[in-house]
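Each chain is listed here by its residues.
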Amino acid sequence: MMLVPITAGATLVLTPDGALSLGVTDVVAIELEFHDLINDERTAGGLAPLSSFDDLIDGARSHASEMAEAGYLYHNPDLTSITAFENWFQLGENVGYGSNVDVLHNAFMDSSPHAANVLNDTYNYLGVGAKLDDNGTIWVSMVFMYGPEGLSSAPAQAPETSTSPFADVDGTTHEAAIAAITEARITSGCDNSGELYCPDALVSRAQMATFLTRALELPEASEDYFTDDDGSLHEDSINRLAEAGVTVGCGKASFCPEESMTREQMAAFVVRAFTLPDTDTDFFVDDPLSLHQASINALAASGITAGCAADNYCPLDNVTRGQMATFLARALDLI
């Protein structure tokens, strides 16, 4: 290999200014967003976008995790061994931590050594690795490389066959849907670790509000619609959902945020949220007494549900997080 001195941006430290929004806390989405932002900067500057290279991504992820565990920033002391592929010509690295992707990216671009790596017209590959600590702070390592063409044929993008980043969904029926809504930044899992999704846990009405608010990117509400959601982590989403006309609550200025969402209620929410058309077809035999029968049939006609068994919808059953992922992924045409 032709060894060119490694170009390392000065360490970048940003004091976290608050917990990271739950909508963007999965590491795959964070890494893809950083890569996209870097390629946007390069395209705006008339430079070719950087392609992804798995070895760089794996090495960057490992280093980001090590920094997060150590609690301080440092450049990879063994960067030249980050890939088993030896015929590279030049390597560079940016490292930093901060409260969110945009803050970090802007700080990188405001720093001459970091921006020099981003806008180096020699580099043709990039690997981004991110790690979230228990406080929701992003630790990131970016490895830039100049190497022979053909190691990767396209700029970084989500894999065509989605694999969920969560350890508890491998092999489950809803794995592809969970991966899809994760990549769409609709979910970040069920705990702060970003490692679990809890597919069998029930969806509360409050959680449903947040799922739909993120999926539809609903605007901020102008008022507080309900009296029983004060202090809820989902209060903002609940108000956005109400302002959009998707819900009127459960009665008497209440939303009943902690109640589990039933399949018939879910149908009504999704049909209103996505303005699905009515249908004259009656798909199921077990919903004639349901107040939401029309919504259930509209959901079926749109291909979002096939029911719970032959000719049955199970309207009073509760919705799990795994099922919710599939409903949303189908409604958004993600799978």
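Here goes a summary of the coordinates provided. Along every chain, residues carry numbers that run from 1 in the direction the sequence is written. Totals for whole chains, interfaces and linings use all residues, but because this is a predicted model, local features are given only for residues with pLDDT of at least 70 and pairs of side-chain atoms are given and counted only at 80 or more. With hydrogens and water stripped out, all remaining heavy atoms of the structure feed into the side-chain values.

1. Some details on the overall build of the protein chain
Put simply, the rule is: Comment: elements are numbered from the N terminus, with helices defined as DSSP H or I runs of at least four residues and strands as E runs of at least two. Exposure classes here rest on a 1.4 Å probe applied to the protein chains alone. A residue is buried below 20% of its type maximum, exposed above 50%, and partly exposed in between. A contact between two residues is defined here by any heavy atoms of the two lying within 4.5 Å. For every accessible area listed, the method is Shrake-Rupley and the probe measures 1.4 Å; residues are considered covered only by the protein chains on display.
A tally of regular secondary structure across the protein chain gives ten helices and six strands. Here the protein chain, with 335 residues, has 50% of them falling under the buried criterion. A sequence separation of at least 24 residues applies to 72% of the contacts in the protein chain between residues at least 6 apart. Here the protein chain has roughly 15,400 Å² of accessible surface; of this, 49% comes from carbon and sulfur atoms.

2. Considering the environment of Ile138
Along the chain, Ile138 falls in strand E6 (residues 138–146). In the structure, Ile138 is positioned 70 residues away from Ala68 in sequence and 8.4 Å away in space, judged by C-alpha atoms.

3. A few points about helix H1 (residues 27–44)
Applied cut-off: Multiplying one less than the number of residues by 1.5 Å gives the expected span of a helix.
An ideal rise of 1.5 Å per residue puts 26 Å on 18 residues; H1 measures up with 26 Å between its terminal C-alpha atoms. After H1 finishes, the residue Gly46 shows a positive phi value of roughly 80 degrees.

4. Overview of the pairing of E6
Our working rule: In this description, strands pair whenever DSSP reports at least two bridges between them.
Of all nine residues that make up E6, eight are buried, and the element is covered over most of its length. Note that strand E4 (residues 90–98) and E6 share nine bridges and pair antiparallel. Residue pairing in the sheet places Glu93 in a bridge with Val143 of E6. Both strand E5 (residues 125–132) and E6 contribute to a ladder of eight bridges, which runs antiparallel. Looking at the pairing, Tyr125 lines up with Met145 of E6. Linking E5 to E6, which pair antiparallel, is a turn of five residues; within it Gly136 sits at a positive phi near 80 degrees.

5. A word on the pattern of salt bridges
The criterion, for reference: Just to be clear on terms, a salt bridge is a Lys or Arg side-chain nitrogen sitting within 4 Å of an Asp or Glu carboxyl oxygen.
All chains considered together, the criterion is met by four salt bridges. Note that Glu195 is salt-bridged to Lys131, the shortest N-O span being 3.9 Å. Placement of Glu195 in the loop between helix H5 (175–183) and helix H6 (205–216) and of Lys131 in strand E5 is noted, with a sequence separation of 64 residues between them.

6. Observations regarding helix H10 (residues 321–331)
Counting buried residues in H10 gives nine out of eleven residues, a clear majority hidden from the surface. Note on H10: the residue one or two positions beyond its end, Asp333, has a positive phi of about 60 degrees.

7. With respect to the environment of Ala300
Here Ala300 lies in helix H9 (residues 293–301). Residues Ala300 and Phe284, spaced 16 residues apart in sequence, show a C-alpha to C-alpha distance of 9.2 Å. With sequence-adjacent residues up to four places away left out, Ala300 is seen in contact with Phe283, Phe284 and Thr305.

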